[in-house]
Amino acid sequence: MEITRFVVSGRDKAKLYGDYATYRAQLSNRIHNLRRKLGIATKPRAKYTTRPPVTTEDIRGNNEFVYLLLLTAERAWANAMSMREIHSTEKKGITGSTRSHITSRLHKATTYANNLFQLLKDQEASGANNADVLEARSYAASLTGAMEFEKQSWEACVKSYSEARIIYSALSAATKSDLFKDLLSDPVDLSLRYGAYQLRMPRTVAIPVIARKFFPRSDMELVSQVEKLDPDVLNDRPTKTRAGASDTEAAPKTITWRSRTVDLEDAAIATALASVESAVKELSATLASGSGLQAKDRAAAYDDLLISSQDVVDATKHAIDELVSEGVSQGDRRMQSLQITRTAVSYEMVSWRIGRNRVLVGERDGAALDVYFMGNTRKDQKPVKEQGTGRKLAHLREKAVLYDSILQSLDSIKELPGVAADSEFLGELDAKYNYFSALTCLTVARSHTLLSKPKNALALIARALEKCNAAHSQLFSLADTPNSSPPNISVSPSEVQFLKTLLDGEVQRYRAIVELSKLSNDSDQANESTSSRPLIERLNEYPTKVVNFSNLVTYPPRLEPVPVKPLFFDAAWNYIEYPGREIENVTQNGTSDVVHPSQGTEQTAQQKKGWFGFGR
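Residue positions are given per chain, counted from 1 along the sequence in the order it is written. Per-residue local features are limited, in this predicted model, to residues with pLDDT of at least 70; the limit for side-chain atom pairs, both in listing and counting, is 80 or more; totals at the level of whole chains, interfaces and linings are taken over all residues. In computing side-chain values, all of the structure's heavy atoms are included and hydrogens and water are not.

Section: the pairing of strand 1 (residues 254-257)
For every residue, the accessible area (1.4 Å probe, protein chains only) is compared with the maximum for its type, and the residue is labelled buried under 20%, exposed over 50%, or partly exposed between those bounds. Secondary structure elements follow DSSP: runs of H or I of four or more residues count as helices, runs of E of two or more count as strands, with numbering from the N terminus. Of the two faces of strand 1, only the one carrying Ile255 and Trp257 is buried; Thr254 and Thr256 on the other face are not. Criterion used throughout: strands pair if DSSP finds at least two bridges between them. In this structure, strand 1 lies alongside strand 2 (residues 260-263), joined through 4 bridges in antiparallel fashion. Along strand 2, the bridge assignment pairs Trp257 with Arg260. The turn joining strand 1 and strand 2, which pair antiparallel and follow one another in sequence, is formed by 2 residues; a positive phi near 55° is taken by Arg258.

What follows is the structure, encoded as structure tokens:
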């Protein structure tokens, strides 16, 4: 019948669509449609008659009657949550009449849920199995706990939620489903912890211990059904350790941050830290065994660790909020210990987040070139098709986004409590910031290289080398991290040295490229100045580049002096007046007079005769 999945899926959809009022309206429509489908809906304009209760025969004949009872209980629960959501924002809070109304709605939901449990309890008549009965009972217990919570009857509330938690834990261990784990985290564990706090129980007591203490062991039938699913669910000292579970004895008792060690007084924080340690071991095993995994698959292995780390941070914040609500000052020893714990666990969470991004950027934190940049290095490898410039730029853009995320995470660490006063730690953070900034500049420089802009690439790589040298001066004295540990915020001196060596070579290479580009541009400019003349005037020059066929001759031709035959000038010598030459005037009587120019000081030039000045 999958009662729990039916309820959880409906609530998840309600969170997507809107608030509890929207969820209630959707439930009303679903109930009406289901009644019409079952043939028990009131016809239009017909007089209302009391509907007969659902029986075991109805459930055996059609499982839709189970969903009808669930939807009715959920509608009453959604009505109560809607009123609670509206009035919780008011200054007066939830008053007596409003609380009474909320309690009555929860009582109605509990009535329908208990009715469903009693019907399914008769397994022969209803056709239900043990899992269906346990799911119905845990659902009814959770609604009962919510009703007792509103009544502020804390002992009854803790008993009901303890029953629901033990049943959900057994179902989770038997089915290996995360569905029940989500219900345990919210609202069962939160309400159970608050109810235990109201009963003056210490925070060092873990939630599983509280649930086992208040579980109704007098109901032998329930105990036998639960132990069939999980024999160790009610044992304070289980015979075997379950996967993903950590007992109080195995949880860490202290936490260390920057040479300061504090005790973990909150059991929830200790249990969450134990989950983080187990997740780190699983991540190390996954990365060590999957050497051929792609970057996305290796980054996906960080998801469980990040979720566990977030749970530790949330548990620490919740503990601090509880002390603040009690009026505990910031100078109290418990508050100081929790603030140190918060800084330590927040730093670890950011560290694993940075490690995930470092896995995504590629080998050597993205400093090494990818396959499509380098090409094949071995003859026996299958040829790799080189990607286009657009795909390469998109890949470099993704890397730049990951580097920006890493830099933002490093900035967020400086805002943690107590970090601003630690100058040595701030120096380490600045060195790591310079290291990842150098990688960012290197990535952007490679994008400029693809766009044929070597000058911009050289400037960026020089800037990257400057930042890398600043990081190298501080991180070089640190110890190398072991290769078996998963990548995180730690940057080893060998990684910084590799980047420094790479950038030194890149700077020299791009200086040569820029110099060659400059020489090529100068020669191109010289060729452009000479290529402005048409080709017919440069027939004595050998073309070094492609001939420009659009500039063969000047057309239309311009008026310009051109050399002609020298015979024309010799024949016309006696008929052209040249400056400085005497002009002979012939008189009427046949005698010839020589007329000198205005200066009158030059001698008379001889008259040329014949061809080319030779006499006949």
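So, the nonpolar core
What is meant by a nonpolar core is a set of buried Ala, Val, Leu, Ile, Met, Phe, Trp, Tyr and Cys residues, joined one to another through side-chain atoms within 4.5 Å. Ranked by size, the top nonpolar core spans 73 residues in total, and within it Leu70, Trp77, Leu106, Leu120, Tyr139, Tyr168 and Val226 carry the most contacts. If you tally residues by element for this core, the top one is helix 4 (residues 64-87), at 14 residues. Note on contacts: a residue pair is in contact if any heavy atoms of the two residues lie within 4.5 Å. Apart from the residues lying within four places of it in its own chain, the contact partners of Tyr139 are Val7, Arg11, Leu70, Ala73, Glu74, Ala113 and Tyr168. One finds Ala270, Val313, Ile340 and Ile461 within the second-largest nonpolar core, a separate group that totals 72 residues.

Examining unusual backbone geometry
Cis geometry is found at the peptide bond from Tyr555 to Pro556, where omega equals 0°. Residue position: Pro556 is located in the loop between helix 20 (493-530) and helix 21 (566-571). Look at Arg258: it is not a glycine, yet its phi comes out positive at around 55°. Mapped onto the elements, Arg258 comes out in the loop between strand 1 and strand 2.

Remarks on the pattern of salt bridges
Here, a salt bridge means any side-chain nitrogen of Lys or Arg that lies within 4 Å of a carboxyl oxygen of Asp or Glu. Under the counting rule described, the total for this entry stands at 20 salt bridges. Its salt-bridge partner being Arg11, residue Glu74 comes within 2.8 Å of it at the nearest N-O pair. A residue pair is termed long-range when its members are at least 10 positions apart, and Glu74 in helix 4 and Arg11 in helix 1 (residues 3-17) qualify at 63 residues. Residues Glu74 and Arg11 agree in their burial class; the two are buried. As a salt-bridge pair, Asp365 and Arg358 come within 2.9 Å of each other at their nearest N and O atoms. Ionic contacts of the salt-bridge type, sharing partners, join the residues Arg84, Arg99 and Glu150 into one network.

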